[in-house]
Amino acid sequence: MLGDALRYPQRGPGWLKTIAIGSVLTLVGAVTFVPLIPLQGYLLRVLRTTIEGQDRPPAFGDWSDLFVDGARAIAVQVTYALLPVWLLFAGFVVSGYGVFSSLGGTDLGATVEALGWVLMALSALTFVAAVYLVPAALTRLARTGRLRAAFDRRAIAAAGRRPIYVVAVIEAYVALLVVTGVGTVLTVILVGAVFVFYGQVAAFYLFARGYTEASRGADDSAGSA
């Protein structure tokens with residue numbers, strides 16, 4: 001599936017134009033946030049068209065829809081990140097208070113500091129869980145068009161337990177790390193944005209393929225209602 005995904009962004013007659021637009025949005029988005037909204041909307045469109053069985057990336061267009069979809073996609077990702085961020089912040093505060101208390105000679109200082117480290121460990125675990133489940137959440141959003149479908153724990157957990165989803169997500173993040181990693185290094189010469197955008201498109205194609213295969217045969221309509 002990984003090889004197919006890496007070829008996916010090059011399919012179709014207008015793929016060079018699509019990559020050019022996406023690369024510009026990625027590059028400008030690194031400086032100002034606004035271009036990232038339609039970019040996320042486009043990635044959601046990649047999910048939707050892949051679910052529908054299209055074997056080539058969609059074109060940019062209908063920019064108002066891209067902005068709306070992008071805002072919704074960002075809202076889903078931010079929501080999933082809230083718990084890990086909150087736990088990390090709480091862990092730093094509690095741990096810092098424990099260190100301060102220990103310096104002041106308080107007996108509970110070490111216990112409080114240990115509690116802070118526990119909270120930070122929980123933050124790491126929930127972050128990994130969020131990174132793993134967000135692709136399913138975004139794919140459900142693209143599939144149903146309903147924001148609340150991205151938070152259907154039963155449907156998302158059911159897909160997340162399937163081996164095909166595990167493989168697809170791992171391959172997608174490998175593509176992101178390798179392709180966008182190269183792009184990040186090359187950003188200084190302004191061509192890195194091409195790699196970053198290309199890697200994201202390939203990864204979202206894999207997200208959609210993995211979730212679709214994982215949810216095939218399941219009673220997904222009940223979860224999206």
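Numbering of residues begins from 1 in every chain and follows the order in which that chain's sequence is written. For this predicted model, a pLDDT threshold of at least 70 governs which residues receive local features, and a threshold of 80 or more governs which side-chain atom pairs are given and counted, while totals over whole chains, interfaces and linings are taken from all residues. Derived side-chain values reflect all non-hydrogen atoms in the structure, with water molecules and hydrogen atoms excluded from consideration.

Draft legend 1. Structural detail: the packing of aromatic side chains. Each Phe, Tyr or Trp ring, with Trp reduced to its six-membered ring, pairs with another whose centre is within 6.5 Å; inter-plane angles below 30 degrees give stacked pairs, above 60 give edge-to-face pairs, and intermediate values give tilted ones. Per the counting criterion, the structure on display carries nine aromatic pairs. Measuring from ring centre to ring centre gives 5.6 Å for Phe60 and Trp63, while their planes differ by 15°; the resulting arrangement is stacked. With a centroid separation of 5.5 Å and an interplanar angle of 15°, the aromatic rings of Tyr80 and Phe151 are classed as stacked. Of this pair, Tyr80 sits in helix H4 (residues 63-103) while Phe151 sits in the loop between helix H5 (109-144) and helix H6 (153-160), placing them 71 residues apart in sequence. The class for Tyr80 is buried, based on a relative accessible area of 17%. Ring pairs connect the aromatic residues Tyr42, Phe60, Trp63 and Phe197, which therefore count as one cluster. In this description a helix means any DSSP run of H or I spanning at least four residues, a strand means any run of E spanning at least two, and both kinds are numbered starting from the N terminus. Think of it in three bands: residues with accessible area under 20% of the maximum for their type are buried, residues over 50% are exposed, and the middle band is partly exposed, with areas taken using a 1.4 Å probe on protein chains only.

Draft legend 2. Seen up close, the side chain of Ser215. Mapped onto the secondary structure, Ser215 falls in helix H8 (residues 192-215). Pairs of N or O atoms are called polar contacts if they sit within 3.5 Å, as long as, within protein, a hydrogen donor faces a hydrogen acceptor (for residues adjacent in sequence, only side-chain-to-side-chain pairs). Within the structure, Ser215 has its side chain in polar contact with the side chain of Arg143 (distance 3.0 Å).

Draft legend 3. Expanded view of the layout of surface pockets. Method remark: on a 1 Å grid restricted to protein atoms, a set of points is classed as a cavity if a 1.4 Å probe fits but cannot get out and as a pocket if it is open with protein on both sides within 12 Å along at least five of seven lines; lining residues have an atom within 4 Å of a point. Grid points are joined across faces, edges and corners, and a volume is the space filled by probe spheres set on the points. The calculated volume of the largest pocket comes to roughly 630 Å³. Lining the largest pocket are 25 residues, and of these Gln40, Gln77, Val134, Tyr173 and Phe204 sit closest to its centre. Elements supplying a minimum of two residues to the lining of the largest pocket: helix H3 (36-51), H4, H5, helix H7 (163-186) and H8. As a working rule, the residues Ala, Val, Leu, Ile, Met, Phe, Trp, Tyr, Cys and Pro are called nonpolar, Asp, Glu, Lys and Arg charged, and the rest polar, with Gly in that last group. In terms of residue class, the lining of the largest pocket is built from 20 nonpolar, five polar and no charged.

Draft legend 4. Representation of the environment of Leu141 within the structure. Its location among the elements puts Leu141 in helix H5. Each C-alpha atom, one on Leu141 and one on Leu44, is 8.2 Å from the other, the two residues being 97 residues apart in sequence.

Draft legend 5. Looking closely at the nonpolar core. In terms of nonpolar packing, the biggest core is built from 43 residues, with Tyr42, Leu47 and Leu138 touching the most fellow members. Those elements that place two or more of their residues in this core are helix H2 (15-29), H3, H4, H5, H6, H7 and H8. Here the element with the most residues in this core is H8; it accounts for twelve residues. Not counting the four nearest positions on each side in its chain, Leu47 is found in contact with Leu138, Thr139, Ala142, Phe204, Phe207 and Ala208. Each nonpolar core is a collection of buried residues, namely Ala, Val, Leu, Ile, Met, Phe, Trp, Tyr and Cys, held together in the definition by side-chain atoms within 4.5 Å. Two residues qualify as a contact provided that any one of their heavy atoms is within 4.5 Å of a heavy atom in the partner residue.

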